Amino acid sequence: MRQTINGADFRRMAISAAASIEIHKQQLNELNVFPVPDGDTGTNMSMTINAAAADLRKVEDPSLSKAAATAASAMLRGARGNSGVILSLLMRGISKKLKGAEVCDGVLWAEALQEGVDAAYKAVMKPAEGTILTVARLAAAKARSAAKENNYIEFVHEAALEEAKVALAGTTDMNPVLKKAGVVDAGGKGWVFALEAMLSSLQGNDVVVPEGMADSDVKDAADFSDFDTDDITFTYCTEFIINRENDLDPEKLRDFLSGLGDSLVLVEDEEIIKVHVHTNDPGKALHEAMDYGSFVTVK
């Protein structure tokens, strides 16, 4: 059983997680009914974490701190959709806790998973239970408990994974939309796939995308044409990244956007501000954001 991991191990774990989500992205798309039934959770999570995998493949023999920082930076910039941004926040918190570390044992890994949860809850304007946030939170709590029993990272991670599976099964009853559809949360399922792949990598079995597998092998998105969309209030999924070019407080932007729509996630680092929001007036959102700097990307 593995006691610790280093930068090379983390790199392999992250790349394996990206491969697993890529393999299962259509399954995740088919589950995607919350917050809106747009059938793209798997695609968004895959694009987000594969941005990290691409950058990690360019880094030879990274330190643990470097590998985690590389993954977090790439995922923040490559994050797509609500689930992708939350996934990037989980990695951002993990990276923050691993900063300066050469190796990671079970205790540090449990703390890193919790830091990821804290980062995600802080950035999401109105956290909803029965989602990836719930799955990640309960898994991190189990990891902290397990670390008190055994400091081996493999033991702690396996405990987190098992709790994540239990939490995922419970999301159906936690969220009325999921209960109505009779499915588990798509984002939470994606996090379980990521944790499973990380464990597999820890145990020496890296996950890889099968040769010949291509986007053409699956549908681009699930068909939700018969799903009741009467409860959808805001119609435009609006995402953008701004270069930070002044000292304006991003919390003011968060406050403005919270009154303009829902599904708001705002995250920042020293260089950029990343926003995801559902709104009926994307023009207002973009106009307000211009005060903070120039746009890097807009969708």
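Calculation rules
- Residues numbered from 1 in each chain as written.
- Predicted model: local features only at pLDDT ≥ 70, side-chain atom pairs only at ≥ 80, totals over all residues.
- Heavy atoms only, no water.
- Helix = DSSP H or I, 4+ residues; strand = E, 2+ residues; numbered from the N terminus.
- Expected span 1.5 Å × (residues − 1).
- Buried < 20%, exposed > 50% of the residue type's maximum accessible area, 1.4 Å probe, protein only.
- Salt bridge = Lys/Arg side-chain N within 4 Å of Asp/Glu carboxyl O.
- Core = buried A, V, L, I, M, F, W, Y, C linked by side-chain atoms within 4.5 Å.
- Contact = heavy atoms within 4.5 Å.
- Patch = residues over 30% accessible without salt bridge, like charges linked within 9 Å, V, L, I, M, F, W, Y side chains within 5 Å.
- Areas by Shrake-Rupley, 256 points an atom, 1.4 Å probe, with all protein chains shown as cover.
- Pairing = 2+ DSSP bridges.
- Axes fitted to C-alpha atoms, helices over the stretch in contact; angles between N-to-C directions.
- pLDDT = per-residue confidence, 0-100.
- Phe/Tyr/Trp six-rings, centres within 6.5 Å; stacked < 30°, edge-to-face > 60°.
- Polar contact = N/O pair within 3.5 Å; in protein donor to acceptor, adjacent residues only side chain to side chain.

Q: Account for helix α5 (residues 81-98), naming residues and giving values.
A: Between its terminal C-alpha atoms α5 stretches 26 Å, which fits the 26 Å expected from 18 residues at 1.5 Å a residue. Within α5, 15 of the 18 residues are buried, which leaves it mostly tucked inside the rest of the structure. A positive backbone phi angle near 85° is found at glycine 100, which sits one or two residues after α5.

Q: An account of the pattern of salt bridges is requested, with residue identities and associated values reported.
A: On inspection of all chains with the given rule, the structure shows 14 salt bridges. Linked by salt bridges that have partners in common, Arg2, Asp9, Arg12 and Asp206 make up one network.

Q: Describe in detail the nonpolar core, supporting the description with residues and values.
A: If you look at the biggest cluster of nonpolar residues, it comprises 71 residues, and the most contacted ones within it are Phe10, Ile94, Leu98, Trp109 and Trp191. For this core, the element with the highest residue contribution is helix α7 (residues 132-149), accounting for 9 residues. Those residues in contact with tryptophan 109, other than ones at most four positions away along the chain, are Phe10, Met13, Ile94, Leu98, Cys104, Ile153, Val156, His157 and Met198. Listed in part, the 13 residues of the second largest apolar core include Ile242, Leu260, Leu266 and Ala289.

Q: Mind laying out a nonpolar patch on the surface, listing which residues take part and the relevant values?
A: A cluster of nonpolar residues, Met290, Phe295 and Val298, forms a patch on the protein surface that exposes about 270 Å² of accessible area. Looking at the secondary structure, you find phenylalanine 295 in strand β4 (residues 295-298). By relative accessible area, phenylalanine 295 is classed as partly exposed at 31%.

Q: Can you lay out the sheet that holds strand β1 (residues 236-243) for me, pointing to particular residues and giving the numbers?
A: The strand order across the open sheet formed by 4 strands is β2-β3-β1-β4, and the pairing between neighbours is antiparallel. The open sheet has two edge strands with one neighbour each: β2 (261-268) and β4. Ignoring which end each strand starts from, the neighbouring axes of this sheet average 10° apart. Summarising the sheet, β2 and strand β3 (residues 272-279) pair through 6 bridges and their orientation is antiparallel. Opposite aspartate 262, over in β3, you have histidine 278 as the bridge partner. Contacts from α5 reach β1, β2 and β3, with the element oriented near 30° to β2. Strand contacts of helix α12 (residues 282-289): β1, β3 and β4, with the helix running at about 10° to β1, the strand carrying the most contacts.

Q: Hey, could you go over the confidence of the model for the protein for me, with residue numbers and the actual values?
A: Confidence in the prediction for the protein averages 89 pLDDT; 91% of positions are at 70 or higher. Taking the mean pLDDT of every element in the protein, the minimum, 80, falls on helix α9 (residues 176-181) and the maximum, 98, on helix α1 (residues 7-23). Ignoring residues within four places in sequence, the model shows residues 215-224, a span with pLDDT below 50, making 23 contacts including any to other chains.

Q: Could you give me a rundown of the packing of aromatic side chains, with the residues and numbers involved?
A: Each aromatic ring pair is described using two quantities: the centre-to-centre distance and the angle formed by the ring planes. Within this structure, the stated rule accounts for 2 aromatic pairs. Plain terms: the ring middles of phenylalanine 10 and tryptophan 109 are 6.5 Å apart, the flat faces sit at 75° to each other, and that makes the pair edge-to-face. Pair noted here: phenylalanine 10 is in helix α1 and tryptophan 109 is in helix α6 (residues 106-123), with a separation of 99 residues, a long-range link. We note that phenylalanine 10, like tryptophan 109, is buried. Seen in terms of ring centroids, phenylalanine 240 and phenylalanine 295 are 5.7 Å apart; in terms of plane orientation they differ by 90°. Their pairing is edge-to-face. One end of the pair, phenylalanine 240, is in strand β1; the other, phenylalanine 295, is in strand β4, and 55 residues separate them in sequence. Overall, the relative accessible area of 0% leaves phenylalanine 240 in the buried class.

Q: Give a detailed account of unusual backbone geometry, specifying residues and quantitative values.
A: Keep in mind that most residues, glycine aside, have a negative phi and that most peptide bonds are trans. A positive phi angle, close to 50°, is found at aspartate 61, a residue other than glycine. Turning to its location among the elements, aspartate 61 is positioned in the loop between α3 (41-57) and α4 (64-78). Note on aspartate 61: relative accessible area 70%, which makes it exposed.

Q: Mind laying out the side chain of aspartate 9, listing which residues take part and the relevant values?
A: The residue aspartate 9 is located in helix α1 in this model. Polar contacts involving the side chain of aspartate 9 include one to the side chain of arginine 2, which spans 2.7 Å. For aspartate 9, the side chain forms a polar contact with the main-chain nitrogen of asparagine 6, separated by 2.9 Å. If we skip the residues at most four places from it in the chain, aspartate 9 touches Arg2 and Thr4.

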